[in-house]
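# Overview (structure and organization)
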Amino acid sequence: MPTMATTEAWIGLMRAQQRVLAAIEKDFKTAGLPPLGWYDVLWELAKAEDGRLRPFEIEARTLLAQYNLSRLIDRLEREGLVRREAFDEDGRGQWVVITEAGRAMQARIWQTYAQSIERHVGARLSEGEARELAALLSRFK
């Protein structure tokens, strides 16, 4: 059984995550930006070698479930932010490749995202507290 302190830490972590994510999503909506999930996929593609990943690699690097990821990639492709390329000769495997428009969108979203992180997290923690929290959370990798 977890101790009371462990249970309170868990509840606090879940509430903080829920509140901060909701605030960031609200900031995105106010700025006329797509949801945070779009940024997560575009960011992972932007930092990948050749700007491309297999769908299962994107799934492993984000918190998106496979069925949500497939629909999101479809939307990103319709918007011209990514394209699909055949992975092997028989065409069964696919790469998801970020486009220049996708890189521009990722950079545009980051401007709002960075301000949101500062407003909703950075402004509530000293630099030392932020480092301490990051160190504590790194134990869960």
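Structure first, text after, so check above.
It should be emphasised that the depicted structure is a prediction, and the values quoted were computed from it without experimental measurement.

## Considering a nonpolar patch on the surface
A cluster of nonpolar side chains, namely Trp 10, Ile 11, Leu 13, Met 14, Leu 133, Leu 137 and Phe 140, defines an oily patch on the protein surface of about 670 Å² accessible area. Counting residues per element, the ones that place at least two in the nonpolar patch are helix H1 (4–30) and helix H6 (127–137). When residues of the nonpolar patch are assigned to their parent elements, the largest contribution, 4 residues, is made by H1. When you line up the elements, Leu 133 lands in helix H6.

## Here's the deal with the side chain of Glu 44
On the secondary structure map, Glu 44 appears in helix H2 (residues 36–47). Take Glu 44: its relative accessible area is 9%, and that puts it in the buried class. The contacts of Glu 44, once residues within four sequence positions are left out, are Leu 53, Arg 61 and Thr 62.

## Some words on the pattern of salt bridges
Tallied over the full model, the rule gives 7 salt bridges. Its salt-bridge partner being Lys 47, residue Glu 44 comes within 3.6 Å of it at the nearest N-O pair. With a gap of 3 residues between them, Glu 44 and Lys 47 both fall in helix H2, about one helical turn apart. A salt bridge links Arg 103 to Glu 100; the nearest nitrogen and oxygen atoms lie 3.9 Å apart.

## A word on the side chain of Thr 62
Take Thr 62: it is sitting in the loop between helix H3 (55–61) and helix H4 (66–78). At 3.0 Å, the side chain of Thr 62 forms a polar contact with the backbone oxygen of Ile 58. Separated by 3.3 Å, the side chain of Thr 62 and the backbone nitrogen of Leu 64 make a polar contact. Excluding anything up to four places from it in sequence, Thr 62 contacts Asp 40 and Glu 44.

Rules behind the numbers
Residues numbered from 1 in each chain as written. Predicted model: local features only at pLDDT ≥ 70, side-chain atom pairs only at ≥ 80, totals over all residues. Heavy atoms only, no water. Patch = residues over 30% accessible without salt bridge, like charges linked within 9 Å, V, L, I, M, F, W, Y side chains within 5 Å. Areas by Shrake-Rupley, 256 points an atom, 1.4 Å probe, with all protein chains shown as cover. Salt bridge = Lys/Arg side-chain N within 4 Å of Asp/Glu carboxyl O. Helix = DSSP H or I, 4+ residues; strand = E, 2+ residues; numbered from the N terminus. Buried < 20%, exposed > 50% of the residue type's maximum accessible area, 1.4 Å probe, protein only. Contact = heavy atoms within 4.5 Å. Polar contact = N/O pair within 3.5 Å; in protein donor to acceptor, adjacent residues only side chain to side chain.

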